[in-house]
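# Coordinates in review
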Amino acid sequence: MAKPIYVLNGPNLNRLGKREPEIYGKATLADVENYCREAAGSHPVVFRQSNSEAQIIDWIHEAIDEGAGIIINPAAFTFVSMAIMDALKMFPGPIIELHITNIHRREPMYHNSLVSKVATAVIAGLGADGYRTATSAMLRLIAA
Ligand code: DHK
C-alpha cells in the first residue's frame, strides 16, 4: 500500500463556505476534500482539519512515519507557529504550503509565512481549486 498524502488544514477552515465567502469562496471543507481525493485518484489521502495547533503538530509527527507528502494550509498558524515550522522540518518528504487566497496581496500581517521557510513549494491564490493543483503536483513530487 502506498504511503498516503496528508492534507492538513488549520483553524477556521472547518467554516469554509460560510466564512467570508467573498474572500474564501463558497466551497466547503467537504468539497475541498473531494477535490483532493478526485485529483489523487487511487493514491491514498489522509484529509484532516483542526483548530488546535497541538493536533496539527501531532498529525505532522504521524506523517513523518506514515506519509509520502504533506499538503498543509496552516491558516492563521502560518504566520506565528514556529512549532508547526519545527515539526515540518522533521518531515522527510515533499511539503506543499497551500493558501486559498494570495496571502501576499492581502494585509501585511499575512505576508510573512514561517511555513514557507521549510516548504518545497507554495500555492496561494487559486481558491479552493488550489487543493486540486497541490494534490496533482504532490503525486509528481512523490513519484520523482
Ligand atoms: C486561510 C486562513 O484562515 C487565513 O488565516 C490565512 C488562508 C489565509 C488561506 O488563504 O487559505 O491567512
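None of these values were measured; they are calculated from a predicted model.

### As for the overall build of the chain
Along the backbone of the chain there are five helices and five strands. In terms of overall dimensions, the chain is globule-like: its C-alpha atoms have a radius of gyration of 14 Å, near the 15 Å expected for 144 residues. Dimensions of the chain, computed from C-alpha atoms along their principal axes, come out at roughly 40 × 30 × 25 Å. Counting only residues that meet the buried cut, the chain has 48% of its 144 residues in that class. When contacts within the chain are restricted to residue pairs at least 6 apart in sequence, long-range pairs at least 24 apart make up 75% of them. Split by element, the accessible area of the chain, about 6900 Å² in all, is 52% carbon and sulfur. Counting 13 positive and 14 negative side-chain charges, the chain places the centres of these two groups 5 Å from one another.

### Points about helix H3 (residues 53–66)
Its 14 residues give H3 an end-to-end C-alpha distance of 20 Å, which sits within 8% of 20 Å, the value for a rise of 1.5 Å per residue. Buried within H3 we find Ile56, Ile57, Trp59, Ile60 and Ala63. Looking straight down H3, one finds that the buried residues subtend no more than 160° of arc, so they occupy a single side. On its buried face, H3 is in contact with strand S1 (5–9), strand S2 (45–49), strand S3 (69–73) and helix H4 (82–89). Capping the start of H3, Ser52 holds a side-chain oxygen 3.3 Å from the backbone nitrogen of Ala54, two or three residues further along.

### Here we look at the nonpolar core
In this structure, Val7, Leu16, Phe47, Ile71, Ile96 and Tyr131 are the most contacted members of the largest nonpolar core, which totals 24 residues. Breaking this core down by element, the ones donating at least two residues are S1, helix H2 (29–40), S2, strand S4 (95–99) and helix H5 (130–143). Tallying contributions element by element places H2 first for this core, with five residues. Grouped together as the second largest cluster of nonpolar side chains are 21 residues, Trp59, Ile60, Ala63 and Leu114 included.

### Let's talk about the pattern of salt bridges
For the structure on display, the rule yields five salt bridges. Of the charged contacts, one joins Lys89 and Asp86 as a salt bridge, the two residues approaching to 3.8 Å between their closest N and O atoms. With a gap of three residues between them, Lys89 and Asp86 both fall in helix H4, about one helical turn apart. Where Arg106 meets Glu107, a salt bridge forms, and the shortest distance between an N and an O atom there is 3.8 Å. For Glu107, a relative accessible area of 39% puts it in the partly exposed group.

### A closer look at the packing of H3 against H4
Following both chains from N to C, one finds H3 and H4 inclined at 5°, their axes separated by 9 Å at the closest point. Judged by the inter-axis angle, H3 sits roughly parallel to H4. Together, Glu53, Ile56, Ile57, Ile60, His61 and Ile64 of H3 and Ala83, Ile84, Ala87 and Leu88 of H4 make up the contact between the two elements.

### A look at the packing of aromatic side chains
Evaluated as defined, the whole model comprises one aromatic pair. Between Phe79 and Tyr110 the ring centres are 5.6 Å apart and the planes differ by 75°, which places this aromatic pair in the edge-to-face class. Here the residue Phe79 occupies a position in the loop between S3 and H4, and Tyr110 occupies one in the loop between S4 and strand S5 (121–124), the gap between them amounting to 31 residues. Of the two residues, Phe79 and Tyr110, neither departs from the other in class, the shared state being buried. A cation over an aromatic ring shows up here: Arg19 above the ring of Tyr24, its NZ or CZ 4.1 Å from the ring centre. Here Arg132 stacks its cationic end above the ring of Tyr35, 3.9 Å away from the centre of that ring.

Thresholds applied
Numbers given for residues are sequential positions, taken from 1 along each chain in its written order. In view of the model being predicted, local features appear only for residues whose pLDDT reaches at least 70, and side-chain atom pairs are presented and counted only at 80 or more, with totals across whole chains, interfaces and linings using the full set of residues. Derived side-chain values reflect all non-hydrogen atoms in the structure, with water molecules and hydrogen atoms excluded from consideration. By definition, any uninterrupted DSSP run of H or I lasting at least four residues is a helix, any uninterrupted run of E lasting at least two residues is a strand, and each is numbered from the N terminus. Every radius of gyration here is taken over C-alpha atoms, with the globule rule written as 2.2 Å times N^0.38, N being the number of residues. A simple rule labels every residue: compare its accessible area, found with a 1.4 Å probe on the protein chains alone, to the largest value its type can have, and call it buried under 20%, exposed over 50%, or partly exposed in between. Contact criterion: two residues are considered in contact whenever any of their non-hydrogen atoms come within 4.5 Å of each other. Only the protein chains shown count as covering a residue, and every accessible area follows the Shrake-Rupley method with a 1.4 Å probe. Just so you know, the count uses Lys and Arg for positive and Asp and Glu for negative, and it drops His and the chain ends. By convention, charge coordinates are those of NZ in Lys, CZ in Arg, CG in Asp, or CD in Glu. Under the convention used throughout, the expected extent of a helix is 1.5 Å for every residue step, that is, one less than its residue count. Comment: arc refers to directions from the helix axis out to C-beta atoms. N or O atoms closer than or at 3.5 Å make up a polar contact, with two conditions inside protein: a donor-capable atom paired with an acceptor-capable one, and, for residues adjacent in sequence, both atoms drawn from side chains. Each nonpolar core is a collection of buried residues, namely Ala, Val, Leu, Ile, Met, Phe, Trp, Tyr and Cys, held together in the definition by side-chain atoms within 4.5 Å. Any carboxyl oxygen of Asp or Glu within 4 Å of a side-chain nitrogen of Lys or Arg constitutes a salt bridge here. Interaxial angles span 0 to 180 degrees and are taken between N-to-C directions of axes, which are lines fitted to C-alpha atoms, for helices over the stretch in contact. Angles are sorted into four bins: roughly parallel if under 35 degrees, roughly antiparallel if over 145, roughly perpendicular if 65 to 115, and oblique for all others. Side-chain rings of Phe, Tyr and Trp, where Trp is taken by its six-membered ring, are said to pair if the distance between their centres is within 6.5 Å; with planes under 30 degrees apart they count as stacked, over 60 as edge-to-face, and otherwise as tilted. Look at NZ for Lys and CZ for Arg. If either is within 6 Å of the ring centre and within 35 degrees of the ring normal, a charge sits over the ring.

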